Amino acid sequence: MSPDWTAIPRDRHGSRTPGWDQPVDLEKDPAEVPDPALVDVPAELRAEIESAMARYPDRHSAALPALAAAQRHHGWCSPRAILEAACVMRVTPGYLTSVATFYDMFELEPAGSHVVYVCTNISCSLRGADELYEALETAVGDRRDIRLRRFECLGACDIAPMVSVDQIYYGPLGKGDAKRLVGDLREGREPLPELALALRPTAASELPAEEGQA
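Residues numbered from 1 in each chain as written. Predicted model: local features only at pLDDT ≥ 70, side-chain atom pairs only at ≥ 80, totals over all residues. Heavy atoms only, no water.

Asks: Any chance you could break down the overall build of the chain for me, citing the residues and the numbers?
Replies: Counting secondary structure elements, the chain contains eight helices and four strands. Secondary structure elements in the chain, listed N-terminal to C-terminal, are α-α-α-α-β-α-α-β-β-β-α-α. Looking at the 214 residues of the chain, the share that counts as buried comes to 34%. For the chain, the accessible area works out to roughly 13,300 Å², and carbon and sulfur atoms hold 53% of it. (Helix = DSSP H or I, 4+ residues; strand = E, 2+ residues; numbered from the N terminus. Buried < 20%, exposed > 50% of the residue type's maximum accessible area, 1.4 Å probe, protein only. Areas by Shrake-Rupley, 256 points an atom, 1.4 Å probe, with all protein chains shown as cover.)

Asks: Give me the packing of aromatic side chains: which residues, what numbers.
Replies: Two aromatic rings are characterised by how far apart their centres lie and by the angle between their planes. Considering all chains together, one arrives at three aromatic pairs under this definition. Taking the centre distance of 6.5 Å and the plane angle of 90° together, the rings of Y103 and F106 count as edge-to-face. Accessibility expressed as a relative area gives 39% for Y103, which makes it partly exposed. Cluster of aromatic residues (ring-pair linked, three or more members): F102, Y103 and F106. Taking NZ or CZ as reference, R150 lies 4.0 Å from the ring centre of Y133, over its face. (Phe/Tyr/Trp six-rings, centres within 6.5 Å; stacked < 30°, edge-to-face > 60°. Lys NZ or Arg CZ within 6 Å of the ring centre and 35° of its normal.)

Asks: Explain the pairing of strand β1 (residues 114-119) residue by residue, including any values.
Replies: Counting buried residues along β1, five of its six residues qualify, which places the element largely inside the surrounding structure. As paired strands, β1 and strand β2 (residues 146-151) are joined by six bridges and run parallel to one another. By the bridge assignment for β2, V115 is matched with R147. Sheet topology note: the β1/strand β3 (residues 163-165) ladder contains three bridges and is antiparallel. For Y117, the partnering residue across the bridge sits in β3 and is S164. (Pairing = 2+ DSSP bridges.)

Asks: Go over the environment of C119 with me, naming the residues and quoting the values.
Replies: Mapped onto the elements of the fold, C119 is located in strand β1. A residue is classified by how much of its surface remains accessible, and C119, at 4% relative accessible area, is buried. Sequence spacing of C119 and M162 is 43 residues, and the spatial spacing of their C-alpha atoms is 6.1 Å. Apart from the residues within four sequence positions on either side, C119 is in contact with C124, A129, F151, E152, C153, L154 and M162. (Contact = heavy atoms within 4.5 Å.)

Asks: Can you lay out the packing of helix α2 (residues 63-74) against helix α3 (residues 79-89) for me, pointing to particular residues and giving the numbers?
Replies: In the contact formed by α2 and α3, the axes pass within 9 Å of each other and the chain directions differ by 135°. Relative to α3, α2 is oriented oblique. Judged by the sense of rotation from one axis to the other, the crossing of α2 with α3 is right-handed. Contacts between α2 and α3 involve A63, A66, L67, A70 and H74 on the former and, on the latter, R80, A81, I82, E84, A85 and M89. A breakdown of the residues in the contact of α2 with α3 according to their chemical character gives eight nonpolar, one polar and two charged. (Axes fitted to C-alpha atoms, helices over the stretch in contact; angles between N-to-C directions. Parallel < 35°, antiparallel > 145°, perpendicular 65-115°, else oblique. Left-handed = near helix turned anticlockwise from the far one by under 90°. Nonpolar A, V, L, I, M, F, W, Y, C, P; charged D, E, K, R; others polar.)

Asks: Please provide a residue-by-residue account of the packing of α3 against helix α4 (residues 93-100), values included.
Replies: The interhelical angle for the contact between α3 and α4, taken along N-to-C directions, is 120°, at an axis separation of 8 Å. On the basis of the axis angle, α3 is oblique to α4. For the element pair α3 and α4, the recorded crossing hand is right-handed. Contacts between α3 and α4 pair I82, L83, A85, A86 and M89 from the former with P93, L96 and T97 from the latter.

Asks: Provide a residue-level description of the pattern of salt bridges, including the pertinent values.
Replies: Under the defined criterion, the tally for this structure stands at 13 salt bridges. E48 is the partner of R72 in a salt bridge, and the nearest nitrogen-oxygen pair spans 2.0 Å. Here E48 lies in helix α1 (residues 43-53) and R72 lies in helix α2, a separation of 24 residues in the sequence. The shortest N-O distance in the salt bridge between R189 and D184 comes to 2.8 Å. Accessibility expressed as a relative area gives 5% for D184, which makes it buried. Salt bridges linked by common partners bring D104, E107, E109, R147 and R149 together as one network. (Salt bridge = Lys/Arg side-chain N within 4 Å of Asp/Glu carboxyl O.)

Next comes the structure, spelled out in structure tokens:
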């Protein structure tokens, strides 16, 4: 007996996007590359995407940095953002959409001013990530200025439980840090600076100036 694939629930942030179970429409017109004469691409975005393309022998390899640039410029991978990136890369919007729907860090709906990922993989979960997420969820409430999401793994098990705030890693955090983190973001302050991985001293920074420059 074959499984009923339609009965499998779809994860809200998973790869099973609407239409996954529909047959391809062979009668549709082929997808077209956007006409540069008809798409006004911001100069800064164009320059960033073209710089990324120049680093690869095949322009298709620049899909990830191009989407990342479009998301930074527009705040999310909106249809317009993808159209502009596709125009510069000379690919179809559908090609970039297929990439964007695969990777979790691309926002396919409007995000808030800040994006907070809570790692909930095994190391972080064992150290209280689920409770941390619930505390952050309560602190964020129903306001949409902060996009809060669970994330499968952020690769920082040594600071578990940890979060990524606007692409900066913080940890280890406890439930008591949730309210302060959210408050700092809303007040425009650097959140939890003592827990920011990027702000921690390195071995080189601890050396005298002469040794550090050697």
